[in-house]
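Spelled out from the first residue to the last, the chains are:
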Amino acid sequence: MTAVRVGCGWDIHPMVPGRKLILGGLEIPHHKGLQGHSDSDALVHAICDALLGAMGEGDLGRHYPSSDQRFKNISSLTLLEDVVQKLHAKGYRLANVDSTIIAQAPRLSGHLAAMQKMIAGVLQVDPDLVNVKVKSGEGLDAVGREEAIAAQAVCLIERG
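Residues numbered from 1 in each chain as written. Predicted model: local features only at pLDDT ≥ 70, side-chain atom pairs only at ≥ 80, totals over all residues. Heavy atoms only, no water.

Peer 1: Could you clarify how one ought to interpret the packing of aromatic side chains in this entry?
Peer 2: The description of an aromatic ring pair rests on the distance of the ring centres and on the angle between the ring planes. Evaluated as defined, the whole model comprises one aromatic pair. Relative to F71, the ring of Y64 has its centre 5.4 Å away and its plane inclined at 90 degrees; by these criteria the two rings are edge-to-face. The pair formed by Y64 and F71 is uniform in burial state, with each residue classed as buried. Sitting over the ring of Y92, R159 keeps its end group 4.1 Å from the ring centre. (Phe/Tyr/Trp six-rings, centres within 6.5 Å; stacked < 30°, edge-to-face > 60°. Buried < 20%, exposed > 50% of the residue type's maximum accessible area, 1.4 Å probe, protein only. Lys NZ or Arg CZ within 6 Å of the ring centre and 35° of its normal.)

As structure tokens, this is what we get:
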């Protein structure tokens with residue numbers, strides 16, 4: 001087995017009224033939230049997909065399908081906890097994760113440190129190994145029109 005592996009993840013969810021906005025495990029005050037089967041935390045979903053990809057284990061839909069009611073409105077942090085268990089069961093540990101939220105609104109820079117700490121806690125690593133940043137949609141496409149929020153992540157795992 002390879003000693004070091006890289007994974008990448010990407011997710012996007014439409015913004016809709018009447019849902020809480022959950023990003024990085026935090027509830028962010030905003031008049032719209034993200035639509036989806038779980039809590040629709042695009043950032044945590046991208047990190048899960050990066051980890052699953054690095055392990056060669058497919059993606060979130062393979063392990064937690066939207067057709068399964070057990071995952072209806074589930075916290076994405078719970079899914080991340082399960083992915084971390086899979087990571088450790090395969091004999092890997094996380095070396096680091098780098099992630100980006102792409103959102104026109106709301107402003108998220110004041111929440112990034114708390115997201116980093118929340119995610120690092122679930123990943124069971126020092127917060128210095130988790131990077132969370134945000135970029136604007138620059139007024140372009142669905143993200144720029146405030147119709148969606150996207151996230152991407154890359155991770156490095158190694159034999160533990």
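Peer 1: It is not clear to me how the UniProt feature "binding site: 4-CDP-2-C-methyl-D-erythritol 2-phosphate" (unreviewed entry) in the protein chain should be interpreted in this structure. Could you clarify?
Peer 2: Listed under "binding site: 4-CDP-2-C-methyl-D-erythritol 2-phosphate" (unreviewed entry) in the UniProt record, and renumbered for this structure, are D11, I12, H13, H37, S38, D59, L60, G61 and R145. Across 135 residues of sequence, these annotated residues are also dispersed in space, with a maximum C-alpha separation of 27.7 Å. As for its position among the elements, D59 is in the loop between helix 1 (42-55) and helix 2 (60-63). The exposure class of D59 is partly exposed, given its relative accessible area of 37%. Once you skip the residues sitting within four places of it in the chain, D59 turns out to touch D49 and L52. Of the polar contacts made by the side chain of D59, one reaches the backbone nitrogen of R62; its length is 3.1 Å. Structurally, R145 can be placed in the loop between helix 5 (141-144) and strand 7 (148-159). What makes R145 partly exposed here is its relative accessible area of 48%. (UniProt positions renumbered as here; feature names shortened; annotations may be inferred. Helix = DSSP H or I, 4+ residues; strand = E, 2+ residues; numbered from the N terminus. Contact = heavy atoms within 4.5 Å. Polar contact = N/O pair within 3.5 Å; in protein donor to acceptor, adjacent residues only side chain to side chain.)

Peer 1: Just to check I follow, could you spell out the pattern of salt bridges for this structure?
Peer 2: Once their charged atoms are close, side chains differing in charge can pair, the charge on each being opposite to the other. Applying the stated rule across the entire model yields eight salt bridges. Salt-bridge contacts for K20 lead to E27; the nearest nitrogen and oxygen are separated by 3.8 Å. R93 is the partner of E158 in a salt bridge, and the nearest nitrogen-oxygen pair spans 2.2 Å. With E158 in strand 7 and R93 in strand 5 (residues 92-102), this residue pair connects regions lying 65 residues apart in the sequence. Assessed through its relative accessible area of 40%, R93 is described here as partly exposed. Bridged by salt links that share partners, the residues E57, R62 and K90 form one connected network. (Salt bridge = Lys/Arg side-chain N within 4 Å of Asp/Glu carboxyl O.)

Peer 1: Just checking my understanding: could you explain the sheet that holds strand 7 for this structure?
Peer 2: Sheets are built from strands that pair by backbone hydrogen bonding, the pairs being arranged parallel or antiparallel. Pairing is mixed in the open sheet, where five strands are placed in the order 4-1-7-5-6. In the strand order of this sheet, the two ends are held by strand 4 (32-34) and strand 6 (130-135), each with one partner. Strand-to-strand twist in this sheet, taken as the mean axis angle between neighbours without regard to direction, amounts to 20 degrees. Sheet analysis places strand 1 (residues 4-17) next to strand 4, joined by three bridges and oriented antiparallel. Across the sheet, residue P17 finds its bridge partner in strand 4, namely K32. Where helix 1 meets the sheet, its contacts fall on strand 1, strand 4, strand 5, strand 6 and strand 7, and the angle it forms with strand 1 comes to roughly 155 degrees. (Pairing = 2+ DSSP bridges. Axes fitted to C-alpha atoms, helices over the stretch in contact; angles between N-to-C directions.)

Peer 1: Help me out: how do you make sense of the UniProt feature "domain: 2-C-methyl-D-erythritol 2,4-cyclodiphosphate synthase" (unreviewed entry) in the protein chain in this one?
Peer 2: The sites that UniProt annotates as "domain: 2-C-methyl-D-erythritol 2,4-cyclodiphosphate synthase" (unreviewed entry) are residues 4-157. Helix makes up 31% of residues 4-157 and strand makes up 32%, while its end C-alpha atoms are separated by 6 Å.

Peer 1: Hey, could you run me through the environment of P29 in this one?
Peer 2: Summarising the element assignment, P29 is placed in the loop between strand 3 (26-28) and strand 4. It is 8.2 Å that separates the C-alpha atoms of P29 and P106, two residues lying 77 residues apart in sequence. In this view, P29 contacts P106 and H111; residues no more than four positions away in its chain are not counted.

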